[in-house]
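Here are the chains, one letter per residue:
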Amino acid sequence: MVQEDIFKKIIAHCKEYGFIFQSSELYDGLSAVYDYGQNGVELKNNIKEYWWKAMTQMNEEVVGIDSAIFMHPTIWKASGHVDAFNDPLIDNKDSKKRYRADVLVEDYLEKINDKIKKEVEKAAKRFGDSFDEQQYRTTNPRVMEYAQKIESVRTEFFGALEANDLEKVRQIIIDLEIACPVSGSRNWTEVRQFNLMFDTKLGSVAEGANTIYLRPETAQGIFVNYLNVQKTGRMKIPFGIAQIGKAFRNEIVARQFIFRMREFEQMEMQYFVKPGEELKWFESWKDKRIKWHMAMGINPAKYRWHAHDKLAHYANAAFDIEFEFPFGFKELEGIHSRTDFDLTQHQNFSGKKIQYFDNESGESYVPYVVETSVGLDRTFLSILSACYNEEQVGEETRVVLNIPAPLAPVKVAVLPLVKKDGLPELAREILNELKFDMNCMYEEKDSIGKRYRRQDAIGTPFCITVDHQSAEDRTVTIRYRDTMEQERIPVEKVAGIVREKVDLKNLLKKLV
Ligand code: GAP
């Protein structure tokens, strides 16, 4: 099936099974804003718990905070967001559609990259076991030509962006003959910079009100609490502060479902280190973060590293973890070495000293920072797109979400075969034991086959079926989602088996 169709199916599935709804749907929706439904919120909370525990519980020197969304407006001046948190936008005059100039060029380059991939795949088939991909990529004239084209466009385009030469940015789009995906024309406007922050007023009288911003990242809430946490927690460098929370960006080209939203959630951690040691910690956090993703058991080929072409002026290293979404490889997480930029800026703008006194060396310094920043919604989408499967079972197609058991929205469904003969009572007894530990569901409507399919579709790893034999000998069948195998076990064993499998410990243990 083509990836575009799979993506459409996933979006439809999310709606049909209570994972994600368009915000304000009743009023025809609000673009790029989404609500999480009854199953979506469970999956989202489980991802948060996995991240939170991986960061704080598994690293004794990392603590968490929950800072406010509203902050003093000068914070955003200090951080550079007021002056430089912009997207270069370009409009197509025929379709009236607006695009991010860099996204247009990235999409163009991705198409060339696809051509390279096809050449490599063809050659791999032709040469079989003796195929040396590295050698092929560095010697095949056509592949080398494509690679050179990518490299030269990248250098020129990002150079123009960095120099804020918007006329040149436009000219490159024209020279590459990039057409509007909607109208097909190359009738482009000039490129303009557009600030992504939402603003609002603090106070009831508009005239005297201060403009404040909805935070575009959670990280600044951590920076401005650095001293509070360091002092009250008597933290010794290196240490980290983690936070999960909402962020807001006025994304003009909001598309691809929950991949790019105007209101979204981030899971960020700032790790404060001694200057000069940042690159060592940068490598260490790169390792830890890729492990965190891999521990979920998703195909490792779906992840890849991407070094930033254009480093922010204050960063001395930056990598993204990209994930292969149904619409291609895109950024899932950023790991950045941000030097002492943010703390120094806040020191300068607030006029207050933000320094660390090192007892051992007797020196004071502004710590350097290594940041890990992952989108919660993008993680959600990565899991859903990797775990959505359609399988042929006899005449039927089974849609199943093979979500890792500890993250599944519903861990176990308890299903009495019929609504009488004492079966519902026994089913309730099992549910009443399990519900203290995990999210369970009780269902007695429809045939058992239909009920299994509904549970498969929301990713429930275990179904417990209570039948007439259960009433006689207190045994039930446990059905495993992934294999569809069924086993008869004593009622007394259910809780033990399920608890063991759905424990978050199963993922966390892979991190050490
Ligand atoms: N503090 C650094 C920072 O905010 P970023 O690369 O702009 O860096 C970090 O954002 C992560 O937040 C991204 O890797 C992505 O997962 C997520 N993210 C950013 N913008 C988003 C949006 N509009 N919708 C959903 N997730 C977004």
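Relevant structure appears above.
Peer 1: Any chance you could explain the overall build of the chain here in plain terms?
Peer 2: Along the backbone of the chain there are 18 helices and 23 strands. The principal-axis extent of the C-alpha atoms belonging to the chain is close to 80 × 60 × 60 Å. Going through the 512 residues of the chain one by one, you find that 50% of them count as buried. In the chain, 65% of the contacts between residues at least 6 apart in sequence involve partners at least 24 apart.

Peer 1: How should I be thinking about the nonpolar core in this particular structure?
Peer 2: Nonpolar side chains in soluble globular proteins tend to be buried together. Core analysis: the biggest nonpolar cluster contains 62 residues, and Ile 20, Tyr 50, Trp 51, Ile 258, Trp 292, Phe 380 and Leu 407 have the highest contact counts within it. Lining this core are residues from two domains, each supplying at least three of them: domain 1 (1-68 + 215-401) and domain 3 (404-511). When sequence neighbours within four positions are dropped, the list of residues in contact with Ile 258 reads Ile 20, Tyr 34, Tyr 36, Asp 377, Phe 380 and Leu 381. Ile 116, Ile 172, Leu 176 and Cys 180 belong to the second largest nonpolar core, which has 28 residues in total.

Peer 1: Even after reading the chapter, I still don't get the site of the ligand, so can you show me in this structure?
Peer 2: Taken together, 19 residues lie near the ligand, and Glu 217, Arg 249, Met 261, Glu 268 and Glu 331 sit nearest. Here a nitrogen atom of the ligand and a backbone polar atom of Phe 259 are 3.4 Å apart. Within the backbone of Leu 332, an N or O atom sits 2.8 Å from an oxygen atom of the ligand. Here the shell around the ligand takes four residues from strand E13 (residues 328-337), the largest share from any one element.

Peer 1: What should I look at first to understand the environment of Phe 282 in this one?
Peer 2: You can see Phe 282 is positioned in helix H11 (residues 278-294). For the pair formed by Phe 282 and Ile 335, sequence separation is 53 residues and the distance between their alpha carbons is 7.6 Å. Not counting residues within four places of it along the chain, the set of residues in contact with Phe 282 comprises Ala 317, Ala 318, Phe 319, Ile 335, His 336, Ser 337 and Val 370.

Peer 1: Looking at this structure, how should I read the packing of helix H14 (residues 423-434) against helix H17 (residues 491-502)?
Peer 2: Packed helices, taken two at a time, are described by the angle between their axes plus the distance between the axes. Running from N to C, H14 and H17 cross one another at 35°; their axes reach a closest spacing of 10 Å. Where H14 crosses over H17, the handedness of that crossing is right-handed. On H17, the residues that touch Leu 426, Ile 430, Glu 433 and Leu 434 of H14 are Val 491, Val 494, Ala 495 and Arg 499. Residue composition of the contact of H14 with H17, by class: six nonpolar, no polar and two charged.

Peer 1: What exactly am I supposed to notice about the pairing of strand E19 (residues 412-416) here?
Peer 2: The side chains of a regular strand alternate, residue by residue, between the two faces of the sheet. Most of E19 sits out of view: five of its five residues are buried. The alternating pattern of E19 places Val 412, Val 414 and Pro 416 on one face and Ala 413 and Leu 415 on the opposite face, and all of these are buried. As defined by bridge partners, E19 adjoins strand E20 (residues 440-442) across three bridges and the pair is classed as parallel. The residue bridging Val 414 from the neighbouring strand is Tyr 442, located in E20. In this region the chain leaves E19, passes through H14 and returns to the parallel neighbour E20; the handedness of that crossover is right-handed. Pairing of E19 with strand E21 (residues 462-466) involves five bridges; the strand directions are parallel. Looking across to E21, one finds that Val 414 is bridged to Ile 464.

Peer 1: Looking at this structure, I do not really get the sheet that holds strand E6 (residues 192-195). What am I missing?
Peer 2: Across a sheet, strands are paired by hydrogen bonds formed along the backbone, either parallel or antiparallel in direction. Spatially, E5-E4-E6 is the arrangement adopted by the three strands of the open sheet, whose pairing is antiparallel. Pairing within the sheet leaves two strands with one partner each, and these edge strands are strand E5 (98-100) and E6. When strand polarity is set aside, the average angle formed by the axes of neighbouring strands in this sheet is 45°. Pairing geometry for strand E4 (residues 86-91) and E6, over four bridges, is antiparallel. The residue bridging Pro 88 from the neighbouring strand is Gln 193, located in E6. Together, E4 and E5 form the strand contacts of helix H5 (residues 101-127), whose direction differs from that of E5 by roughly 70°.

The rules behind these values
- Residue numbers restart at each chain and count upward from 1, following the sequence in its written direction.
- A pLDDT threshold of at least 70 governs which residues receive local features in this predicted model, and a stricter bar of 80 or more applies before side-chain atom pairs are shown or counted, although totals over entire chains, interfaces and linings include all residues.
- Excluded from the side-chain calculation are hydrogens and water; included are all heavy atoms of the structure.
- Each helix is a run of DSSP H or I of at least 4 residues and each strand a run of E of at least 2, with the numbering of both proceeding from the N terminus.
- Three labels apply to residues, based on accessible area from a 1.4 Å probe with only protein chains included: buried if under 20% of the type maximum, exposed if over 50%, partly exposed otherwise in between.
- The contact definition used throughout considers only heavy atoms, calling two residues in contact when any of these lie within 4.5 Å.
- Joining through side-chain atoms within 4.5 Å is the link that ties buried Ala, Val, Leu, Ile, Met, Phe, Trp, Tyr and Cys residues into a set, and such a set is a nonpolar core.
- Each domain's extent is set by a domain assignment, obtained either automatically or from a database.
- Nearness here has a simple test: a residue counts as near a molecule or strand if at least one of its heavy atoms is within 4 Å of that partner.
- Side-chain atoms alone can form a polar contact between residues adjacent in sequence; in general such a contact is a pair of N or O atoms within 3.5 Å, and within protein one must be able to donate a hydrogen while the other accepts it.
- To define axes, lines are fitted to C-alpha atoms, for helices over the stretch in contact only, and angles between the resulting N-to-C directions are given on a 0 to 180 degree scale.
- Definitions for this section: a left-handed crossing has its near helix turned counterclockwise from the far helix by less than a right angle. A right-handed crossing has that turn clockwise.
- Three classes are used, and their members are as follows: Ala, Val, Leu, Ile, Met, Phe, Trp, Tyr, Cys and Pro are nonpolar, Asp, Glu, Lys and Arg are charged, and the others, Gly among them, are polar.
- Following DSSP output, two strands are said to pair if at least two bridges run between them.
- Note on handedness: a clockwise path from strand one over the helix to strand two, with the strands aimed away from the viewer, defines a right-handed crossover.

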